[in-house]
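Topology and contacts: notes
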Amino acid sequence: MTTTERAAASHLLPSAEPLGLIAADGSPVPDPTLELPDGEVLLRLYRGMVAGRRFDTQATALTKQGRLAVYPSARGQEAAEIGGILALRPQDWLFPTYRDSMAVVARGVDPVEVLTLLRGDWHCGYDPYRANVAPQCTPLATNTLHAVGFAHAARIKGEDSVSLVLLGDGATSEGDTHEALNFAAVWQAPVVFLVQNNGYAISVPLSKQTAAPSLAHKGIGYGMPSVLVDGNDAAAVHAVVEQAVARAAAGEGPTLIEAVTYRVESHTNADDATRYRDRAEVEQWLARDPIARLKQYLTDRGLLDDARRQEIEARAEAEAATLRERMNVDTELDPAELFRHVYAEPTAALRQQAAELTAELTTGDRA
Amino acid sequence: MTAIAEPTSTSDTLTMAGALNRALADALTEDERVLVFGEDVGTLGGVFRVTDGLAARFGEARVFDTPLAEAGIVGTAIGMAMNGLRPVVEMQFDAFAYPAFEQITSHLAKLRNRTHGRVELPIVIRIPYGGGIGGVEHHCDSSEVYYTHTAGLRVVTPSSPADAYALLRQAIDSPDPVIFLEPKRRYWEKETARLDHRGSTLDRAVVRRPGTDLTLISYGGALGTTLEAAEAAQEEGYSAEVIDLRSLSPFDLDTVAASVRRTGRAVVVHGASRFCGYGAEVAAQLSETCFHYLEAPVLRVAGFDIPYPAPNLEQHHLPGVDRILDAIERLQWDDSAPAAGGGV
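Reading guide: rules and limits
Residues numbered from 1 in each chain as written. Chains lettered and ligands numbered in written order. Predicted model: local features only at pLDDT ≥ 70, side-chain atom pairs only at ≥ 80, totals over all residues. Contact = placed C-beta atoms within 7 Å. Helix = DSSP H or I, 4+ residues; strand = E, 2+ residues; numbered from the N terminus. Nonpolar A, V, L, I, M, F, W, Y, C, P; charged D, E, K, R; others polar. Pairing = 2+ DSSP bridges. Axes fitted to C-alpha atoms, helices over the stretch in contact; angles between N-to-C directions. Core = buried A, V, L, I, M, F, W, Y, C linked by C-beta atoms within 7 Å. Buried ≥ 20, exposed ≤ 12 C-beta atoms within 10 Å, placed from the backbone. pLDDT = per-residue confidence, 0-100.

So, on to the interface of chain B and chain A. The interface is formed by 32 residues belonging to chain B together with 35 residues belonging to chain A. Sorting the residues of the side of chain B that touches chain A by element identifies helix 3 (70-82), helix 4 (101-108) and helix 5 (111-114) of chain B as the ones contributing at least two each. No other element matches the 9 residues that helix 3 of chain B contributes to the side of chain B that touches chain A. Tallied by class, the residues present in the side of chain B that touches chain A amount to 13 nonpolar, 14 polar and 5 charged.

Right, let's get into the sheet that holds strand 1 (residues 93-95) of chain A. All names here are of chain A. Sheet architecture is open: 5 strands sit in the order 1-2-3-7-6, paired in parallel fashion. With one partner strand each, in any of the chains shown, strand 1 and strand 6 (226-230) form the two edges of the open sheet. Across the sheet, the axes of successive neighbouring strands diverge by a mean angle of 20 degrees, strand direction being ignored. Here strand 6 runs beside strand 7 (residues 255-260); their pairing, made up of 5 bridges, is parallel.

Moving on to the nonpolar core. Soluble globular proteins tend to pack their nonpolar side chains together in the buried interior. In this structure, Val-191, Val-192, Val-240 and Ile-257 of chain A are the most contacted members of the largest nonpolar core, which totals 198 residues. Beyond its immediate stretch of four places on either side in the chain, Val-192 of chain A contacts Val-162, Leu-164, Val-241, Ala-244, Val-245, Ala-248, Pro-254, Thr-255 and Ile-257 of chain A.

In terms of burial, helix 3 (residues 78-85) of chain A is largely enclosed, as 8 of its 8 residues are buried. For helix 3 of chain A, the complete set of buried residues consists of Glu-78, Ala-79, Ala-80, Glu-81, Ile-82, Gly-83, Gly-84 and Ile-85 of chain A.

A word on the confidence of the model for chain B. Averaged over chain B, the pLDDT score is 94; the fraction of residues at 70 or greater is 94%. Note that pLDDT drops below 50 for residues 1-7 of chain B; the model gives that stretch 10 contacts with residues more than four away or on any other chain.

Residues and elements named next belong to chain B. Spatial strand order, 9-11-10-13-14: 5 strands in an open sheet with mixed pairing. The open sheet has two edge strands with one neighbour each: strand 9 (206-209) and strand 14 (299-303). Mean inter-strand twist for the sheet, computed between neighbouring axes without regard to direction, equals 25 degrees. Two elements, strand 9 and strand 11 (residues 240-244), share 3 bridges in a ladder whose sense is antiparallel. Within strand 11, the residue paired with Val-207 across the bridge is Ile-243. Contacts from helix 8 (residues 223-235) reach strand 9, strand 10 (214-218), strand 11 and strand 13 (266-273), with the element oriented near 170 degrees to strand 11.

This is the structure in structure tokens:
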């Protein structure tokens, strides 16, 4: 690379302030670099976020009732969760984490199948190939590499498919993220990295996670364009992800997006956020609520009246009721299933162990 | 997309590295989903030249160098396999594969199970392993049990050029992920054999040398030494059967137990450390299944329980012929002299 090219590489840097289209009070913020989604898309974003939050609340309630083993809430992150997903085309792929159940449901996966993992019935309850959603990733950042490989394979096969990978601020410290960003840039793979910077990796704040000016600033180190966006502004998240997907699909390579948002709840129901952060901080972020601001914006423009809003809320309520009902049915697990998908065909040793377990379950007592 | 190749009808004389190269070339020819990538595998042809000439022949889209990052190599291979390709990746040396350990154990091994069989990962990870080549530190680990202890992986290791060809072809065809361990001390040994990958040998042990008094069980780099020891034992009056396991996971208990039930004595030989080494599993399974046939405890001849030594000391660590012969003599012959009439 020449000196001139290196100097020109500053275009890879993110903006100083997060990009946004709709401010916290619902007023528009014109941005010449971003296209405001049309009214229909904005309504879909609103509907998706309302449904997402209701799903999240329901899952938290199911955890309290003992129906889920654990639930990591994404409350407050609806704009990043839904904004990114709705920017995908049907042929694109999503590589989510454990906190992204809301996004997976928004992508069209049956919520009961999504919650199989957190219910503890199996690890991944859905068929990844049905809605183009990889299994939710529990070890941090490992999914970034899968997304890059998947995207690169699509390119090799001549298929028009972009991979969107979700990760958090903590995951950006993992080696796999570094390797994934590097591989993606070297290969110019059609992949979009959407970092949801929600302020905390369980209890560790961003200040202890990185000394970088922003997480998006990491992109230039890999030669990758980066975008810093207001993660509580669904319109802006949608716009930047849509742009990045279009770039990737056009063969122009990967993009790193940092969406600045906030985890309103604890890490999971098993965590206690009051041990590491002040209520005042949470209150500040509640005032920047992603749903309230889009509601305000749509209402002010006559795109959302009371009837429409009630219909959207009623539908979310009905979906939650159905989910509750279905999750309250006890599942029957087949222990023989344990041995079925270890290899394509069970080995002799596994067949014998399966028989041993069956005998154990049949006799009930010690032989 | 996959066609069955006509087996090479004439015999070839080639090294294990050459046989592996042929296997990769044939797989790349027959199945366009097969990709080969890793560090230095492109232009250079790999530090052991196993991928020599493949990039030029098949193009950089299918045989290519990656950035230097092992987790990245395996992690992206997983994504590619999820998208219908069949990656064959190289870890440059045994100990250099450790950065990929999480991708291998948490994802490669488990994704089929985690998804009820919906995600299949037909990936082969080739790892040159073991000592005996005078390598400096971190270039000589026998890392097999890290992988055999992980459910969901097949672990295979050839000991000869013909087996290297057959096993690698079958590993690439396998729907399961395969850790393919290449004993680097055997890379340059030549063999004249017909290359053929048909038939099912991927999970079968093979009797390399028939015998009647005892069974020597080995694999990979230690197999050659074990065969030498069997010849030397013959001169001392012991008829030793030698089994080459080939597949470490799954373990072909049937073949091994059938031999041990005939001979009544067994020694497991490997270069890896003894404690919790592969021999421990073999000995345990033999005592569970062949106890009443055994005339003596199953013995292990293995490396010491030490970090792999510096090259000028490695000859003390790796089991040699004498150490195997010593173990044979300790198989409690006093009460039942071997059929050949020799013994202690």
